[in-house]
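What follows is each chain in one-letter form.
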Amino acid sequence: MDIIKLSYYRGHRFYFLSSWACHCSSQYQNIKSMSASPLHDVVLINVMASEEDAAVPTKSSSLSPEYADDELSSGYRLPPSEIRDIVDAPPTPVLSISPHKDKVLFLKRTSLPPLSELAKPEEKLAGIRINRKSNARSRMSYYTGIGIHDFEDDDTLGSEKLIHGFPEGSKLKFVTWSTDGKHIAFSILEDQEDDGDAKIRVWVADVETGKARPLFQSADVFLNAVYLNYVWVNNSNLLVSTIPASRGSPPKKPLVPSSPKIQSNESKSIVQTPTYQDLLKDEYDEDLFEYYATSQLILVSLDGTVKLLGEPAIYTSLDRSPDNKYILVSSIHRPFSFTVPSGRFPKKVDLWSADGKFVRTLCDLPVAEDIPIGKDNVRKGMRLLSWRADKPSELYWVETQDGGDSKVEVSPRDIVYIQSAEAPEDEEPEIFYKLDLRYGGVSWGDDSLALIYESWYETRHVRTWLVSPGSNDTSRLLFDRSYEDVYSDPGSPMLRRTPSGTDVIAKFKKEDKQSTYLLLNGSGATPDGDIPFLDLFNIDTGEKERIWQSDKEKYYERVVILMSGQTLGDLYVNELKVLTSKESKTENPQFFIQRWPERKACQITNFPHPYPQLTSLQKEMVRYKRRDGVQLNATLYLPPGYDPSRDGPLPCFIWSYPGEFKDKEAAGQVRGSPNMFAGIGATSPLLWLARRFAILYEPTIPIIGEGKEEANDSYVEQLVGSAEAAVEEVIHRGVAHPDKIAIGGHSYGAFMTANLLAHAPHLFSCGIAQSGAYNRTLTPFGFQNEYRTLWKATDTYIKMSPFMAANKIKRPILLIHGEEDDNSGTFTMQSDRFFNALKGHGALTRLVVLPFESHGYSSRESIMHVHWETDRWLQKFCVSNSSEANTEDVCLNSKVDESKATEVSNNKAVASVVFEG
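So, here is what we can say about the structure in this document.

1. Considerations on the overall build of the protein chain
Point 1. Counting its secondary structure elements, the protein chain contains 12 helices and 52 strands.
Point 2. By the burial criterion, 58% of the 917 residues in the protein chain qualify as buried.
Point 3. A separation of at least 24 residues holds for 63% of the contacts in the protein chain among residues at least 6 apart in sequence.
Point 4. For the protein chain, the accessible area works out to roughly 37900 Å², and carbon and sulfur atoms hold 50% of it.

2. Details of the packing of aromatic side chains
Point 1. Within the structure shown, the criterion is met by 27 aromatic pairs.
Point 2. Ring geometry for Y433 and W465: centres 6.0 Å apart, planes at 50°, overall tilted. Here Y433, found in strand β26 (residues 430–435), pairs with W465, found in strand β29 (residues 461–467); they are 32 residues apart in sequence, far enough to count as distant.
Point 3. An angle of 90° between the planes, with centres 5.2 Å apart, marks the rings of F783 and Y797 as edge-to-face. Placement of F783 in the loop between β50 (766–770) and α8 (794–800) and of Y797 in helix α8 is noted, with a sequence separation of 14 residues between them.
Point 4. A relative accessible area of 5% means that F783 is categorised as buried.

3. Here's the deal with the environment of Q613
Point 1. Following the sequence through the fold, Q613 ends up in the loop between β42 (601–603) and β43 (618–625).
Point 2. For Q613 and A690, which are 77 residues apart along the polypeptide, the C-alpha to C-alpha distance reads 8.0 Å.
Point 3. Setting aside residues no more than four positions away along its own chain, Q613 makes contact with E82, D85, I86 and P640.

4. Comments concerning the sheet that holds strand β15 (residues 212–214)
Consider a sheet: its strands pair through backbone hydrogen bonds, and that pairing is either parallel or antiparallel.
Point 1. Here we have 4 strands laid out as an open sheet, ordered β12-β13-β14-β15, and antiparallel in their pairing. Looking at strand neighbours, the two that pair on one side only are β12 (171–177) and β15, the edges of this open sheet. Across this sheet, the average inter-strand angle for adjacent strands is 30°, counted without regard to direction.
Point 2. As defined by bridge partners, strand β14 (residues 200–206) adjoins β15 across 3 bridges and the pair is classed as antiparallel. Considered in β15, the bridge of A205 is made with A212.

5. Notes on the nonpolar core
Point 1. If you look at the biggest cluster of nonpolar residues, it comprises 64 residues, and the most contacted ones within it are Y715, I741, L756, F764, I813, L815 and F834.
Point 2. Sort the elements by how many residues they give to this core and helix α6 (residues 715–732) lands first, with 10 residues.
Point 3. Excluding its chain neighbours within four sequence positions, the residues that come into contact with I813 are A754, L757, G767, A769, F834, L838, L844, T845, R846 and W873.
Point 4. Residues W177, V202, L223 and W232 belong to the second largest nonpolar core, which totals 40 residues.

6. What to know about α6
Point 1. Given a rise of 1.5 Å per residue, 18 residues ought to cover 26 Å, and the 26 Å separating the end C-alpha atoms of α6 matches this to within 8%.
Point 2. α6 sits mainly inside the fold: 15 of its 18 residues count as buried.
Point 3. Just downstream of α6 lies G734, where phi reads positive at about 80°.

7. So, unusual backbone geometry
Point 1. At the junction of R334 and P335, the peptide bond is cis and its omega measures out at 0° in the coordinates.
Point 2. Here P335 is to be found in the loop between β20 (326–332) and β21 (347–353).
Point 3. Cis geometry marks the peptide bond from W596 to P597, where omega comes out at 5°.
Point 4. Relative to the assigned elements, P597 resides in the loop between β41 (590–595) and β42.
Point 5. The phi torsion at K268 lies on the positive side, around 60°, for a residue other than glycine.
Point 6. Checked against the element boundaries, K268 lands in the loop between β17 (237–242) and α3 (283–293).
Point 7. K268 gets classed as exposed once you look at its relative accessible area, which sits at 74%.
Point 8. Positive phi values are uncommon outside glycine, yet S747 reaches one of about 60°.

8. Observations regarding the pairing of strand β40 (residues 577–583)
Point 1. Burial within β40 is extensive, with 6 of its 7 residues counted as buried.
Point 2. Bridge analysis of β40 against β41 gives 6 bridges, and the strand direction is antiparallel. Counterpart to K582 in the pairing with β41 is Q590.
Point 3. Between β40 and β41, which pair antiparallel and follow one another directly, the connecting turn spans 6 residues.

Rules used in this analysis
Along each chain, the written sequence defines residue order, and numbers are assigned to residues from 1. Predicted model: local features are reported for residues with pLDDT of at least 70 only, side-chain atom pairs are reported and counted for 80 or more only, and whole-chain, interface and lining totals are derived from all residues. Computation of side-chain values: all heavy atoms of the structure, hydrogens and water removed. By definition, any uninterrupted DSSP run of H or I lasting at least four residues is a helix, any uninterrupted run of E lasting at least two residues is a strand, and each is numbered from the N terminus. The buried label goes to any residue with under 20% of its type's maximum accessible area, the exposed label to any with over 50%, and the partly exposed label to all in between, with areas taken from a 1.4 Å probe on protein chains only. Pairs of residues are marked as contacts when any of their non-hydrogen atoms sit within 4.5 Å. Surface accessibility follows the Shrake-Rupley procedure with a 1.4 Å probe radius. Residue values consider only the protein chains on display as shielding. Aromatic contacts are taken between Phe, Tyr and Trp rings whose centres are within 6.5 Å, Trp giving its six-membered ring; a plane angle under 30 degrees counts as stacked, one over 60 as edge-to-face, and the others as tilted. When DSSP finds at least two bridges between two strands, those strands are taken to pair. Axes, fitted as lines to C-alpha atoms, cover a helix only where it is in contact. Angles between the N-to-C directions of the axes lie from 0 to 180 degrees. Only buried residues count toward a nonpolar core. Its members are Ala, Val, Leu, Ile, Met, Phe, Trp, Tyr and Cys residues joined through side-chain atoms within 4.5 Å. Any helix carries an expected span of 1.5 Å times its number of residues minus one.

Laid out in structure tokens, this is it:
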């Protein structure tokens with residue numbers, strides 16, 4: 001299945017496609033969890049205000065009556081209608097393309113869920129959060145309906161046919177196509193009364209008729225979705241993870257513990273772990289985790305026949321072989337750990353036949369508590385076991401040769417092995433490839449072609465090798481580059497779907513040529529912004545030919561998936577068919593079908609503009625330099641109809657997130673496109689365009705450590721330098737009032753915000769910091785991209801912590817935090833302690849803690865209240881801020897040295913001349 005989803009994180013758009021599996025695995029991501037801490041001296045939000053009670057300000061230039069100081073703790077509040085209307089706009093459906101690319105599902109979504117969804121009881125166990133009613137991960141999003149469209153012969157979409165037969169108001173999840181595209185499976189959460197169960201059942205629908213029905217004939221079979229859900233074993237059978245029928249009631253917490261809580265390191269092992277949340281704490285937690293995570297696998301056919309496979313266990317993944325003969329079954333087991341989350345628990349991978357018979361155990365790894373800190377460090381033993389996409393049933397996996405420790409110098413560092421599932425148990429696996437960097441994924445084609453990737457985070461080095469799996473031919477290095485250097489990114493090979501449902505590299509031919517070509521799909525980063533492309537890449541000569549490129553004048557277009565190649569046989573360039581998206585600054589993304597050689601684009605969607613009130617907003621990518629010569633860039637947004645010569649400077653909201661780089665040239669490269677649609681998510685700072693703010697969005701804040709230099713040793717200096725350059729740019733352009741510039745950020749951006757108010761108070765009138773970490777001594781074994789420990793870089797940890805500079809913060813700072821923050825390092829206690837440190841020095845500050853919210857905020861009540869708090873703060877301390885008050889603060893409170901104060905004064909004088917015409 002190919003899922004196409006327009007999603008926004010910090011305002012950036014991401015397309016998620018299931019067929020694009022591992023091509024960009026040089027970009028590492030760590031998802032970690034945490035628990036919250038008790039709080040005091042905070043504003044606790046617990047009562048929802050009605051729509052009618054929310055006053056809407058008519059002007060943004062003065063503090064509105066709805067922000068009266070005697071009502072600041074009166075419950076949940078709603079922001080002005082200008083913001084509220086955008087947040088409540090219906091979301092665009094998610095598209096799912098069928099295996100044969102002949103149909104598409106429109107998965108319907110609703111806007112923000114109510115807070116009551118988050119308030120449902122949950123268990124925090126082994127780094128995950130479990131809804132004990134539904135026996136699934138808590139805080140999941142759902143679909144409300146499914147529509148089916150056929151792709152017509154003229155590349156248009158046929159009329160919509162709704163999947164029907166399930167109860168009205170159902171919450172749908174886990175939508176998957178059968179390999180032949182004739183059926184879809186999905187789950188339904190059946191809500192009951194507050195004191196009742198809300199279990200998940202599996203349904204199946206016939207794609208031709210749209211009729212849906214429960215998969216199991218028995219109404220007592222429920223999905224266990226703590227780790228996995230179900231997988232199509234073939235076109236008529238699914239393997240489903242279910243709640244064991246004999247499970248019984250959950251374990252009860254003993255009134256008296258059976259023993260003290262003991263952890264020991266008498267073996268003197270070196271165990272350095274991040275500040276994980278929600279870890280197991282005692283034997284009761286272990287029992288509770290095992291209770292909810294244990295599932296029974298059931299093989300069920302579309303005619304209702306069921307068969308139990310294996311014994312109940314904590315199964316974490318299922319992966320069928322391309323020929324449907326075998327299944328890889330992964331599970332975790334005791335002894336559990338109180339130090340690391342479940343992803344590092346003892347792990348076993350077994351090989352089963354498709355009918356559930358045990359074949360052999362491939363590996364059984366011990367608990368991994370001792371993985372060294374660092375992104376280039378990995379677990380010992382077999383890892384990333386999977387099936388070759390181009391073979392019926394051939395396994396491949398990776399084993400580290402350095403013990404998982406990047407500090408160990410060894411060659412090779414990783415070895416990729418392959419072995420047939422039918423090989424005798426005592427047969428040694430075949431070495432497929434040896435790597436001197438860390439394994440980063442593989443794209444399979446056939447016996448003559450595969451691409452294997454390796455990367456090294458410390459140097460940002462990435463390599464792509466072309467190999468011939470079926471022969472002993474010498475491999476060839478195709479690309480050798482820094483992945484920070486986006487201008488040199490050659491793109492990723494497009495994939496085609498095989499009859500068995502896997503995705504392999506698409507190989508193309510020309511009518512008059514004998515050579516074989518790959519189709520490289522790239523983002524096309526340039527100094528003028530991204531210009532996506534398709535390149536024909538001759539694998540024999542290495543030559544490239546650009547056959548398609550986005551319109552760079554007005555539109556941003558990109559190729560999403562390959563639509564041709566659904567039948568066996570050669571692919572020809574002049575028969576190419578692709579799905580593209582197209583958008584502009586003011587036109588929201590729509591999808592098109594393009595065919596070669598005509599190259600005519602046929603539009604298949606017509607999604608309405610999500611916020612027509614901002615259709616004419618202004619967007620520009622701006623470039624400027626830091627004082628040390630580093631090139632910086634940002635996206636400047638201005639409200640609809642704004643004219644600087646007529647309207648003068650605006651209050652300005654700067655929102656950013658620092659990034660680490662090893663190369664200053666790469667740090668200065670432009671990312672994104674000036675023609676991209678302004679995606680305004682529910683939590684986006686771009687909402688304040690509707691309140692007549694200028695928004696400087698994501699100005700680059702590079703923290704650079706070239707060669708052996710450590711970037712964070714000069715973090716504060718580089719941070720302030722980048723912020724000064726950004727502020728000078730918006731003032732110079734005449735769009736921002738120098739006394740009315742606010743700074744804000746989320747997570748590491750909140751950390752940035754607090755540091756800027758401490759070390760550069762002359763730049764900003766106020767700050768908004770969401771879900772940040774402010775005291776780095778509370779994350780002693782590394783944070784963000786810092787992998788030295790507190791004891792190795794004590795001065796850096798102290799200097800980077802705005803908590804240690806709380807006495808220097810004189811600007812108003814609004815702190816917001818989810819009470820159930822689950823992100824590593826940003827536990828809620830960080831904001832609680834920072835608030836008390838600020839209050840202890842008389843700082844103007846406010847702390848808002850959002851009940852039931854985690855690191856990112858998701859309920860409508862919470863998000864609306866965050867916007868109310870933010871808008872109030874901006875109206876009071878940015879919009880209403882006066883030059884006289886700002887100058888007094890700089891001179892009396894900021895402790896800026898005399899030369900800096902003079903420089904700031906001169907800059908403002910120059911800016912005033914510009915503003916006055």
